[in-house]
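Residues per chain are reported as follows:
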Amino acid sequence: MATELHGYQYSVYSWIARLALHEKGVAYDWIEVNPFAEDIPASYLAMHPFKRVPALTHAGFVLYETGAITRYVDEAFEGPKLQPVEPRERARCNQIMSIVDSYAYWPLVRQVFSHGVLRPRMSRPMDESEFQRGLEAAPRVLAALESTAGEGPCLCGNQLSLADIHLAPMVGYFVLADEGRALLQKYPRLGEWWSEFSNRSTFVATTPRLPPALR
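Residues numbered from 1 in each chain as written. Predicted model: local features only at pLDDT ≥ 70, side-chain atom pairs only at ≥ 80, totals over all residues. Heavy atoms only, no water.

## Regarding the packing of aromatic side chains
For the structure shown, the criterion picks out 13 aromatic pairs. Their ring planes at 90 degrees and their centres at 5.4 Å tell us that Trp194 and Phe203 sit as a pair that is edge-to-face. Judged by relative accessible area, which is 5%, Phe203 ranks as buried. Residue placement shows Arg18 over the ring face of Trp30; its charged tip is 5.3 Å from the ring centre. (Phe/Tyr/Trp six-rings, centres within 6.5 Å; stacked < 30°, edge-to-face > 60°. Buried < 20%, exposed > 50% of the residue type's maximum accessible area, 1.4 Å probe, protein only. Lys NZ or Arg CZ within 6 Å of the ring centre and 35° of its normal.)

Take a look at the structure:
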């Protein structure tokens, strides 16, 4: 049975799951699911009762929650290992993933990107106060990531890990706002990491195609 990834084209977490699959070299079928639609297929609700994305199916095995998906992809398929073996680096990887989910997602994506970039491009109303609150919260998150990142080209040293895969799409959306891009430049470790990772072929290949900016 083919591996299938069910996700929404603009979902940052769907992007993360796609990036993990590409880094492992896993072939998969993409199934578009809009979690905001009123007519979500019953077959998808049977896989994901909380009506979110993404969800992965592999040889009859169904899995949702992005962290679970990316760890499974790393462990179930051949390809470069995406989780450090050394205990402290593995802990660092898990810590960064947790920071991304718990503290980065909301200000960087749901507030700055959604209200400052995506909503205007989709001709939907944006909330300037939400956008500003995201910009105010972002420095604390970026500073924490700056101090947590290890030495080397990747967040956990010399080896690409799930930490990089989870953070990169969040930053990719965040810097589409001019204010987000300016903020990132204040953190040299993250800025250097971003300049390298944003040119990675897998990242470029999985970057969602957003509606064009309105002039």
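## Describing the sheet that holds strand 3 (residues 55–58)
Strands sit in the order 2-1-3-4 across an open sheet of 4 strands; the sheet is mixed. At either end of the open sheet lies a strand with only one pairing partner, and these are strand 2 (29–32) and strand 4 (61–64). Sheet twist, expressed as the average angle between the axes of neighbouring strands with direction ignored, equals 20 degrees. Sheet analysis places strand 1 (residues 4–7) next to strand 2, joined by 4 bridges and oriented parallel. From the neighbouring strand, Leu5 faces strand 2, where its bridge partner is Trp30. The sheet strands contacting helix 3 (residues 66–76) are strand 3 and strand 4, and the helix crosses strand 4 at an angle near 130 degrees. (Pairing = 2+ DSSP bridges. Helix = DSSP H or I, 4+ residues; strand = E, 2+ residues; numbered from the N terminus. Axes fitted to C-alpha atoms, helices over the stretch in contact; angles between N-to-C directions. Contact = heavy atoms within 4.5 Å.)

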